[in-house]
Structure formats: structure tokens, C-alpha cells
Amino acid sequence: MQVLPGEPIGKWRKAINDWIGYIPQWCGLRPGFKTEYIEAHTFAARAKWNATLQKKLEDTLSEFLLPGDSGTLRTTEGEFFDELTLYTNVIITGGGQGRSHRLHRSP
């Protein structure tokens, strides 16, 4: 647990930002891997997720997309009512194969 209940929102967002940086590792993605389609569905408390974190998620996942119109990233955001839980489901497809990873993290 990097952050405790009641700590400032900035500390929570820093922990979430760090967590986003680990998504490729948790999904088993290696540098140089490229795919045509990635989906990410994030659920978080309204006060925890913001546009900066969303951009970090999109930038992180976009590194693994084929360039131009060959790669597609779809993201959605949903509200989760437990202030201590945030999770992202990441679905990666490509080359006729599909992989689904559920990343559950309570920073």
C-alpha cells in the first residue's frame, strides 16, 4: 500500500501515475512489440482519475500500437464507488491472437 486513506489526492494520483507505467510489464509486453488493437477500461473513484492520468494511460499503451491507421486504441472510463480501488482491464489483440489482462490495483 503506497497511499493510505485520508492522504492528499496528489499523493494518490502520483501512485496511480506510477502504476500506469507498470502496465506494459504486467501485461508481458516487451519493447518493440506492436499490435493493431488495444482496449483499456478503467474504473476509479470520480475524485481519483483525471485527464492527466488518462493521457498517461493512452501514451503508455500507444507505444505498443502499429503506426498510423494500422493501430487502434480504445479507452473507456467508469466510476467505481470504493475510494480505495482502481482497476483497468486491458485487452490486446493482434496477429490472429487475443490476450486479455485484468489489472487490479489499489494504490
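What you are looking at is a predicted structure, and each value in this text was computed from that prediction instead of being measured.

J.: Looking at this structure, I do not really get the overall build of the protein. What am I missing?
T.: Of regular secondary structure, the protein possesses two helices and four strands. Along the protein, helices and strands appear, N-terminal first, in the series α-β-α-β-β-β. Across the 107 residues of the protein, 36% fall into the buried class. A separation threshold of at least 6 residues defines the contact pool for the protein, and within that pool the share at least 24 residues apart is 72%.

J.: Help me out: how do you make sense of the packing of aromatic side chains in this one?
T.: As enumerated under the stated definition, the model contains four aromatic pairs in all. Aromatic pair Phe80 and Tyr87: ring centres 5.6 Å apart, planes at 80°, arrangement edge-to-face. Against the face of Trp12 rests Lys48, its NZ or CZ located 4.4 Å from the ring centre.

J.: What am I meant to see in the pairing of strand β1 (residues 37–44) here?
T.: When a strand is regular, its side chains alternate between the sheet's two faces. Burial analysis of β1 places seven of its eight residues in the buried class, the great majority of the element. Sheet topology note: the β1/strand β2 (residues 72–79) ladder contains eight bridges and is parallel. Bridge pairing links Phe43 to Gly78 in β2. Remark: the β1/helix α2 (residues 51–62)/β2 crossover connection has right-handed handedness. Examined bridge by bridge, β1 and strand β3 (residues 86–94) share seven bridges and lie antiparallel to one another. Following the sheet pairing, His41 is matched in β3 by Asn89.

J.: I keep staring at the nonpolar core and nothing clicks. Help me out?
T.: Within soluble globular proteins, side chains that are nonpolar tend to cluster in buried spots. Core analysis: the largest hydrophobic core is formed by 18 residues, its most contacted members being Ile16, Ile20, Ile23, Ile38, Trp49, Leu57 and Val90. Among the secondary structure elements, those contributing two or more residues to this core are α1 (9–27), β1, α2 and β3. Ranked by residues supplied to this core, first place goes to α1 with five residues. Those residues in contact with Ile38, other than ones at most four positions away along the chain, are Leu61, Phe64, Leu65, Thr72, Leu73, Arg74, Val90, Ile91 and Ile92.

J.: I tried to follow the confidence of the model for the protein on my own but got confused; where do I start?
T.: Do not read the predicted coordinates in detail wherever pLDDT is low. Per-residue confidence for the protein averages 84 on the pLDDT scale, and 87% of its residues sit at or above 70. α2 holds the highest mean pLDDT among the elements of the protein, 96, whereas strand β4 (residues 97–105) holds the lowest, 49.

Analysis parameters
Residues numbered from 1 in each chain as written. Predicted model: local features only at pLDDT ≥ 70, side-chain atom pairs only at ≥ 80, totals over all residues. Heavy atoms only, no water. Helix = DSSP H or I, 4+ residues; strand = E, 2+ residues; numbered from the N terminus. Buried < 20%, exposed > 50% of the residue type's maximum accessible area, 1.4 Å probe, protein only. Contact = heavy atoms within 4.5 Å. Phe/Tyr/Trp six-rings, centres within 6.5 Å; stacked < 30°, edge-to-face > 60°. Lys NZ or Arg CZ within 6 Å of the ring centre and 35° of its normal. Pairing = 2+ DSSP bridges. Right-handed = clockwise from strand over helix to strand, strands pointing away. Core = buried A, V, L, I, M, F, W, Y, C linked by side-chain atoms within 4.5 Å. pLDDT = per-residue confidence, 0-100.

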